[in-house]
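# Residue-level structure breakdown
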There are 2 protein chains.
Amino acid sequence: MKRCNVAVVGATGAVGREMLNILEERDFPYDDLKLLATERSAGTIMTVKGEEYEVEVTTPESFEDVDIALFSAGSTASENLAEEVVSRGAVMIDNSSAFRMDDDVPLVVPEVNPEDIAQHEGIIANPNCSTIQMVVPLKPIYDKVGIERIVVSTYQAVSGTGKDAMDELVEQSEKILNEEEIDPEVYPEQIAFNALPHIDVFFDNDYTKEEMKMVNETQKIMNDDSIKVTATTVRIPVLIGHGESVNLELGSKLEAEEAKRLLSETEGVKVIDNPDELAYPTQIDSEEDDDVLVGRIRVDETLEAGLNLWIVANNLRKGAALNTIQIAEKLIETEF
Amino acid sequence: MKRCNVAVVGATGAVGREMLNILEERDFPYDDLKLLATERSAGTIMTVKGEEYEVEVTTPESFEDVDIALFSAGSTASENLAEEVVSRGAVMIDNSSAFRMDDDVPLVVPEVNPEDIAQHEGIIANPNCSTIQMVVPLKPIYDKVGIERIVVSTYQAVSGTGKDAMDELVEQSEKILNEEEIDPEVYPEQIAFNALPHIDVFFDNDYTKEEMKMVNETQKIMNDDSIKVTATTVRIPVLIGHGESVNLELGSKLEAEEAKRLLSETEGVKVIDNPDELAYPTQIDSEEDDDVLVGRIRVDETLEAGLNLWIVANNLRKGAALNTIQIAEKLIETEF
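Residues numbered from 1 in each chain as written. Chains lettered and ligands numbered in written order. Predicted model: local features only at pLDDT ≥ 70, side-chain atom pairs only at ≥ 80, totals over all residues. Heavy atoms only, no water.

Ranked by size, the top nonpolar core spans 94 residues in total, and within it V8 and L70 of chain A together with V8 and L70 of chain B carry the most contacts. The contact partners of L70 of chain B, leaving out residues within four places of it in the chain, are V6, A7, V8, V9, M19, L23, I93, T324, I325 and A328 of chain B. Counting residues in each nonpolar core, the second largest holds 56 residues, with I132, I147, A256 and L309 of chain A among its members. (Core = buried A, V, L, I, M, F, W, Y, C linked by side-chain atoms within 4.5 Å. Buried < 20%, exposed > 50% of the residue type's maximum accessible area, 1.4 Å probe, protein only. Contact = heavy atoms within 4.5 Å.)

On to the sheet that holds strand 7 (residues 91-94) of chain B. Taken together, the 6 strands give an open sheet; going across it, the order is 5-2-1-6-7-8 (chain B), and neighbouring strands pair in parallel fashion. A strand with exactly one partner marks an edge of an open sheet, and here the two such strands are strand 5 (56-57) and strand 8 (123-125) of chain B. (Pairing = 2+ DSSP bridges. Helix = DSSP H or I, 4+ residues; strand = E, 2+ residues; numbered from the N terminus.)

With 55 residues of chain B in contact, the opposing surface of chain A contributes 54 residues. Where chain B abuts chain A, roughly 4,800 Å² becomes buried across the two surfaces, and 58% of that area is made up of carbon and sulfur atoms. Between E211 of chain B and R296 of chain A there is a salt bridge, with the nearest N and O atoms lying 2.7 Å from each other. Every element with two or more residues in the side of chain B that touches chain A is listed here: strand 9 (147-155), helix 4 (163-177), strand 10 (228-232), strand 11 (242-250), helix 7 (283-286), strand 13 (292-299) and strand 14 (306-313) of chain B. Considered class by class, the residues forming the side of chain B that touches chain A number 27 nonpolar, 17 polar and 11 charged. (Buried area = accessible area lost by both parts, 1.4 Å probe. Salt bridge = Lys/Arg side-chain N within 4 Å of Asp/Glu carboxyl O. Nonpolar A, V, L, I, M, F, W, Y, C, P; charged D, E, K, R; others polar.)

The next point concerns the relation of the copies chain B and chain A. The transformation that overlays chain B on chain A combines an axial shift of 0.0 Å with a rotation of 180°, and the residual RMSD is 0.0 Å. As the rotation angle and translation indicate, the two copies are arranged about a two-fold axis. Interface residue correspondence from chain B to chain A reaches 98%, placing this contact among same-surface, isologous pairings. (Least-squares fit on C-alpha atoms with pLDDT ≥ 70 in both.)

Residues and elements named next belong to chain B. In this structure, G243 sits in strand 11. Given the relative accessible area of 0%, G243 is considered buried. A C-alpha to C-alpha distance of 4.7 Å links G243 and Y155, two positions 88 residues apart in sequence. Sequence-distant contacts of G243, that is, excluding residues within four places in its chain, are made with Q133, S153, T154, Y155, Q283, W310, I311 and V312.

Okay, the UniProt feature "binding site: phosphate" (unreviewed entry) in chain A next. Residues and elements named next belong to chain A. UniProt records the feature "binding site: phosphate" (unreviewed entry) at R100, using the numbering of this structure. Within the secondary structure, R100 sits in the loop between strand 7 (91-94) and strand 8 (123-125). With relative accessibility at 5%, the residue R100 sits in the buried group. Setting aside anything within four residues of it in sequence, one finds R100 in contact with N95, V105, L107, A125, N126, P127, N128, K213, E217 and K220. For R100, the side chain forms a polar contact with the main-chain oxygen of S96, separated by 3.3 Å. (UniProt positions renumbered as here; feature names shortened; annotations may be inferred. Polar contact = N/O pair within 3.5 Å; in protein donor to acceptor, adjacent residues only side chain to side chain.)

All names here are of chain B. Looking at the secondary structure, you find N126 in the loop between strand 8 and helix 3 (129-145). Separated by 3.4 Å, the side chain of N126 and the backbone oxygen of A320 make a polar contact. Among the polar contacts made by the side chain of N126, one reaches the side chain of N323 at a distance of 2.6 Å. The contacts of N126, once residues within four sequence positions are left out, are D94, N95, S96, R100, L107, I132, G319, A320, N323, T324 and I327.

Let us now look at the pattern of salt bridges. In this structure the tally under the stated criterion is 44 salt bridges over all chains. Among the ionic pairs, K163 of chain B bridges to D167 of chain B, the shortest N-O distance being 3.1 Å. Taken together, the residues span about one helical turn, with K163 of chain B and D167 of chain B both in helix 4 at a distance of 4 residues. K260 of chain B is the salt-bridge partner of E257 of chain B, the closest N and O atoms lying 3.5 Å from each other. On the criterion of helical spacing, the pair formed by E257 of chain B and K260 of chain B is a turn pair, its members being 3 residues apart in helix 6 (residues 256-264). Judged by relative accessible area, which is 11%, K260 of chain B ranks as buried. Residues joined in a network through salt bridges with shared partners are E18, E25, D290 and R317 of chain A.

Right, here's the structure in full:
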């Protein structure tokens, strides 16, 4: 694999730190690595592959001589810096939602639509965490029998909101167990020992932005606007790992055993599904596993051709940092 | 309202205690009250409406002179004692799943099918908690436009399993926060900060008993076997209150505003749905509210006529004890 110069923007955040871990774990072939963040985090020393790096403040000049810029610093940072990155000849792989639905920006899950990478004009977008983990196991099913409609309900971890939210869940849980008063800050209501049917802002149609991401991004990644998706996204008191209950209306029948076989053979998917041994995936399982975990695979007899699935993945890794770096690896393979 | 003699079987359990609270709160018109339980709990002194009662061991003779026996002591106790209760002329209102699907046993939610009570032959069954809270808001929608298919994913509290499970969630949460080892006993896997897509035993079709209860009981309560239901039931780390994400395929179109109006006018339902003010129901809201709470009411545009709902209720009260006592109240009205 060819080598290149990499910059990580938002290196000190929850996803940024996970990116550095993954660059190290996968021995990503960079020549030069630059860690960038805001003023507040500049000066932090971080170690990657045994070498120490000082985090620098992100400026337009930071991207001179950079080949790939991995962004996870929020939509505003991505919007403000995109032109600076691209005009210097670097490719931006962006974890924010800023450019995901732009026509000239490929939205990529490497197991699903790697061919879309070639269409980029300087920016490649990484999809939303809940969408990524859903489309990985759906792709082989789509290819085999077609998917006409998806009804998805999510069980999402607080780490999707960030480090502050993880702290809030821990602190609130402690206070409630000690019978102390709580004072929600990150979420509008108590998250410990509760569930909030609300992720991201509400749109005029009363769906949330998270729900509409699942609709629009799924169609774009699968390159098929005819797939119907309706979503209800819910935050639950889990630190890491998103769960999804997915009901599929298929183009033609698929038996549960055949679905299990198909998914077992799919790159990036692990089937954990043995009711006799009470084997099914849970969020805790996803903490140490980079695969998308699938279980509770059952035919839905209320449809001509229907299937129910329970899908779990680590939202910080496959849902964010890992997918971003997998895109970078594919890009190097084909372009550098 | 006429008075009668009441026995509560399983009086010291989580649901039994809630029954006693509700008998008191609603000033239920009993003449004589008898608290029954197993050997282990006999002798316990419990106070209802300011009067002390000693819990007695349940025997066949316990039901002499009883008019209504409220059972919440598990399926085996209900099966073993049913004939003893009925042959003595008492009516058994049973919270277990023992008789729910028997043809000669009405399965009743008073807001939905009170007329079925009249058909009883000595036993009336109280439905499963997740089914009760779903059918209450679905009934007015069914009456207005018809319901053809239901896709439901649940977010269920551990109190559905019982007092031991509540203790396990609290203890596990404390241990995890203190970074101590945990050793799951009530559930097969860690429930604190996790979600388990598994409630009750697995059947041969790979659905759980809880999931099939939602299918079969919904059809029976609604008196319509043509309603298609598919369910995925999930346990989450919440103490009290079940949440449900419900997707409906309707017989004909119903606008969200019309659905809100209809539900607002329904007995036993409270609509909490104002996205502008981030108002939606959560499990914590259900702890102090006997209504079934409904929010996130949205048209599902992927269907000719579709609707998404988020339904929350207190599983120990409306899902169990309260519904049982509401059945008893209706029975007294019509029969005594």
